[in-house]
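# Geometric and topological summary
The lines below spell out each chain.
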Amino acid sequence: MRHPTKAAAAEAKVAPAPAAPQNAAPKNATPQAAAPQTTAPEAGKHRDIIDGARRVFFDKGFDGASMDEIARASQVSKATIYVYFSSKEELFQALVETDRRKSAERLFEFDPDDKDVESLLKRIGMTFMTMMVQPDHIRLMRMVIGAAEKFPAVGRTFFDAGPCHGGRRLADLLGRQAELGHLQVDDREMAAFQFFNLCQGNLVKGLMFGTGQQPSPDEIAKTVDGAVRVFLAAYGVLRN
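Residues numbered from 1 in each chain as written. Predicted model: local features only at pLDDT ≥ 70, side-chain atom pairs only at ≥ 80, totals over all residues. Heavy atoms only, no water.

### Brief notes about the packing of helix α6 (residues 117-132) against helix α8 (residues 152-179)
At their nearest, the axes of α6 and α8 sit 12 Å apart, and the two run at 170° to each other. In this view, α6 runs roughly antiparallel relative to α8, as classed from their interaxial angle. From α6, V117, L120, L121 and I124 reach across to α8, where they touch L170, L173, L174 and Q177. Residue composition of the contact of α6 with α8, by class: 7 nonpolar, 1 polar and no charged. (Axes fitted to C-alpha atoms, helices over the stretch in contact; angles between N-to-C directions. Helix = DSSP H or I, 4+ residues; strand = E, 2+ residues; numbered from the N terminus. Parallel < 35°, antiparallel > 145°, perpendicular 65-115°, else oblique. Contact = heavy atoms within 4.5 Å. Nonpolar A, V, L, I, M, F, W, Y, C, P; charged D, E, K, R; others polar.)

The structure is reproduced here in structure tokens:
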């Protein structure tokens, strides 16, 4: 991603250079290096571009979206977009990373020290599946799969920021539950991915391929409850 401090210049027309102040340093003076900083307006502009891109990509798809349309949706010039992102692919990649990390953070707004591991896993599973079956999420996954063959970095970003990041977070939580004596888990990361896959059942695949109806909360709960039972049968601690 390009550095955002050039954004203002991209928005403005070329203007005459201002007169040098009386106390200006000599032309041959050695410039002082300064660390680039991102200002609040620049961070807001970056967010506006991501939000505008999201609307256009979801409406037009990856191939159908143009930088002109994204500029209009973001209410910035196309030149400004190129200050932040060198290409449509880089912009889409940033959108994917932003959305997946936000989703992963929302997924783990739970107490890792919760003594009721069954209830904890059910809540994580319900949150995970409610997110997974959202139409926008299904649409995003389809776009990533369609773009990944031509732009592998997009697929890698989605996989790392979404499934892998979520799996690592759940692995940490499972590890904590094992330390508390609620689970017996040797390979925490493998167990985390097994749990997520169990929660999906066949619901997400049906939506991905257009053969399934939007599942009801009861259908999601039934699939998640089954996933938790199977998971605890493998990793739960038997109580006398």
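Now that the structure has been shown, the text picks up again.
### Quick look at α8
With 28 residues, α8 should cover 40 Å at 1.5 Å per step; its first-to-last C-alpha distance of 38 Å lies within 8% of that length. By the largest-angle criterion, C164 marks the main kink of α8, which is about 30°. At the C-terminal side of α8, G181 shows a positive phi close to 85°. (Expected span 1.5 Å × (residues − 1). Bend = angle between axes of the 7 residues up to and from the residue.)

### Digging into the nonpolar core
Grouped together as the largest cluster of nonpolar side chains are 61 residues, with contacts concentrated most on F57, L91 and F92. In terms of residue count, the dominant contributor to this core is α6 (8 residues). Residues contacting L91, with those up to four places away along its chain left out, are I49, I50, A53, F57, M67, I70, I81 and F85. (Core = buried A, V, L, I, M, F, W, Y, C linked by side-chain atoms within 4.5 Å. Buried < 20%, exposed > 50% of the residue type's maximum accessible area, 1.4 Å probe, protein only.)

### Concerning the packing of aromatic side chains
This model, assessed by the stated rule, comprises 9 aromatic pairs. Between F57 and F92 the ring centres are 4.9 Å apart and the planes differ by 65°, which places this aromatic pair in the edge-to-face class. One end of the pair, F57, is in helix α2 (residues 40-64); the other, F92, is in helix α5 (residues 88-107), with 35 residues separating them in the sequence. Taken individually, F57 and F92 each receive the classification buried, so the pair is uniform in this respect. Ring centres of F62 and F92 lie 5.1 Å apart, and the angle between their planes is 55°; on these two criteria the pair is classed as tilted. In this pair, F62 is assigned in helix α2 and F92 in helix α5, connecting sequence segments 30 residues apart. Using a relative accessible area of 6% as the deciding quantity, one classes F62 as buried. Above the ring of F62, the side-chain terminus of K88 is found at 4.8 Å from the ring centroid. (Phe/Tyr/Trp six-rings, centres within 6.5 Å; stacked < 30°, edge-to-face > 60°. Lys NZ or Arg CZ within 6 Å of the ring centre and 35° of its normal.)

### So, the side chain of Q177
Here Q177 is to be found in helix α8. Classification of Q177 by relative accessible area gives buried; the value is 0%. Residues within four places of Q177 in sequence aside, it is in contact with P112, D113, D114, V117, L120, H182 and L183.

### A look at the confidence of the model for the protein chain
Summarising the model, the protein chain shows a mean pLDDT of 83, and 82% of its residues fall at 70 or more. In the model, residues 7-37 has pLDDT below 50 throughout and makes 15 contacts with residues more than four positions away in sequence or in other chains. (pLDDT = per-residue confidence, 0-100.)

### Examining the packing of α8 against helix α9 (residues 188-200)
Taken N-terminus to C-terminus, the directions of α8 and α9 make an angle of 115°; their axes are 8 Å apart at the nearest point. For the element pair α8 / α9, the angle class is roughly perpendicular. Handedness of the crossing formed by α8 with α9: right-handed. Of the residues in α9, those touching α8 at P163, C164, G166, G167, R168, L170, A171, L174, G175 and E179 are R188, E189, A191, A192, F193, F195 and F196. Of the residues contributing to the contact of α8 with α9, the split by class is 10 nonpolar, 3 polar and 4 charged. (Left-handed = near helix turned anticlockwise from the far one by under 90°.)

### Description of the pattern of salt bridges
What the rule picks out here adds up to 11 salt bridges. A salt bridge links D225 to K122; the nearest nitrogen and oxygen atoms lie 3.9 Å apart. One end of the pair, D225, is in helix α11 (residues 217-235); the other, K122, is in helix α6, with 103 residues separating them in the sequence. D225 gets classed as partly exposed once you look at its relative accessible area, which sits at 27%. Taking the relative accessible area as the measure of exposure, K122 reaches 29% and is therefore partly exposed. In this structure, the salt-bridge partner of R168 is D160, at a minimum N-O distance of 3.5 Å. A relative accessible area of 35% means that R168 is categorised as partly exposed. Residue D160 is classed as partly exposed on the basis of its relative accessible area, which comes to 34%. (Salt bridge = Lys/Arg side-chain N within 4 Å of Asp/Glu carboxyl O.)

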